[in-house]
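Architecture at a glance
What follows is the residue order along each chain.
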Amino acid sequence: MGVVTANMAISLDGFTAGPDQSLEHPFGTGAREALTSWMFETDRPGREQDAHLLGALHANTGAHIMGRNMFDPHRGPWDESWTGWWGPEPPYHAPVFVLTHYPRRPLPMEGGTIFEFVTDGIEAALTRARAAAGEQDVEIAGGAATVRQYLQAGLLDELVLHLVPVTLGTGERLLDDVRATLEPVEVLPSPTVTHLRYRVLSSV
């Protein structure tokens, strides 16, 4: 069985999204470029570590779990015309289990991604994701609240943080109300981001 992992871009002051998340600003205002621009610069000199990490990060991922907010900015019953932020071929290429309070039929997309909607909680979603992944890893894709729930429940084995040297001042913090002991197992520096891989030893 693989590990349960999550990876998040995070500011120096602990935010993974800015304030006022919306359809127009899914990362919140001012956060997307600040936290993710390094991902689109991996062909530049000195960014070899970034390119290597992004290439390897999902190589063993067999299923994903995400919160509804990461899939859909709306609330309440589903608007079934909404099929995600990513167009007809999302980047996951594997089953994705979406946490929600509202039932919805599975949504197959191009490239092997199929969104399945789970209404009975984080443990049920993990059971289904493990079954789909087999011997591969399960990634908790986000957002921050969903990763935090799995960490608080003691269900996360590994946390990878992409630490960007900016401060946002406000927004959504990843580790609010989390007490956990983590063991650093890998540090990969690059000019604009530091990649930190932790093994989760315990959480409360």
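Heads up: the structure comes first, above all this text.
Here's a quick rundown of the structure. If you're wondering where the values come from, they're calculated on a predicted model, not measured in any experiment. (Residues numbered from 1 in each chain as written. Predicted model: local features only at pLDDT ≥ 70, side-chain atom pairs only at ≥ 80, totals over all residues. Heavy atoms only, no water.)

Next up on the list: the pattern of salt bridges. A pair can form between side chains of opposite charge whenever their charged atoms are brought close. Counting across every chain of the model gives 9 salt bridges. For Glu 41, the salt bridge identified is with Arg 44, shortest N-O distance 3.8 Å. When the shortest N-O distance is used, the salt bridge between Arg 148 and Glu 172 registers 3.6 Å. On the criterion of sequence distance, the pair formed by Arg 148 in helix H5 (residues 144-152) and Glu 172 in strand E9 (residues 172-173) is long-range, its members being 24 residues apart. (Salt bridge = Lys/Arg side-chain N within 4 Å of Asp/Glu carboxyl O. Helix = DSSP H or I, 4+ residues; strand = E, 2+ residues; numbered from the N terminus.)

It is worth spelling out the nonpolar core at this point. Residues Ile 65, Ile 140, Val 147, Tyr 150 and Leu 156 are the most contacted members of the largest nonpolar core, which totals 28 residues. Broken down by secondary-structure element, the contributors of at least two residues to this core are strand E1 (4-11), strand E3 (61-67), strand E4 (95-99), helix H4 (122-133), strand E7 (137-142), H5 and strand E8 (158-164). With 6 residues, the top contributor of residues to this core is H4. Leave out the neighbours within four places in its chain, and Tyr 150 touches Ile 65, Leu 99, Ile 122, Ala 125, Leu 126, Ile 140, Leu 155 and Leu 156. (Core = buried A, V, L, I, M, F, W, Y, C linked by side-chain atoms within 4.5 Å. Buried < 20%, exposed > 50% of the residue type's maximum accessible area, 1.4 Å probe, protein only. Contact = heavy atoms within 4.5 Å.)

Tracing the backbone through its elements, the reader meets Gln 152 in helix H5. Sequence separation between Gln 152 and Leu 12 is 140 residues, and the spatial gap between their C-alpha atoms is 21 Å.

Between its terminal C-alpha atoms H4 stretches 16 Å, which fits the 16 Å expected from 12 residues at 1.5 Å a residue. Considered for burial, the residues of H4 that qualify are Ile 122, Ala 124, Ala 125, Leu 126, Ala 129 and Ala 133. In the core, the buried residues of H4 are packed alongside E1, E3, E4, strand E6 (114-118), E7 and H5. (Expected span 1.5 Å × (residues − 1).)

What follows covers the sheet that holds E1. Sheet strands line up and pair through hydrogen bonds in the backbone, either parallel or antiparallel. Spatially, 9 strands are ordered E5-E6-E4-E3-E7-E1-E8-E11-E10 in an open sheet, and the strand pairing comes out mixed. Each end of this open sheet is capped by a strand with a single partner; those strands are strand E5 (107-108) and strand E10 (180-189). Of the pairings in the sheet, the one linking E3 to E4 comprises 4 bridges and is parallel in character. Each residue of the ladder has a partner; that of Met 66, found in E4, is Val 98. Contacting E1, E3, E4, E6 and E7, H4 crosses the sheet at an angle of about 160° to E3. (Pairing = 2+ DSSP bridges. Axes fitted to C-alpha atoms, helices over the stretch in contact; angles between N-to-C directions.)

Attention shifts here to H5. Among all positions in H5, only Ala 144, Thr 146, Val 147, Arg 148, Tyr 150 and Leu 151 are buried. The positive-phi residue at the C-terminal boundary of H5 is Gly 154, with phi of around 70°.

Between Gly 142 and Gly 143 the backbone carries a cis peptide bond, its omega angle lying at -5°. Considering the arrangement of structural elements, one finds Gly 143 in the loop between E7 and H5. For Asp 177, which is not glycine, the phi torsion reads 60° and is therefore positive. The topology assignment puts Asp 177 in the loop between E9 and E10.

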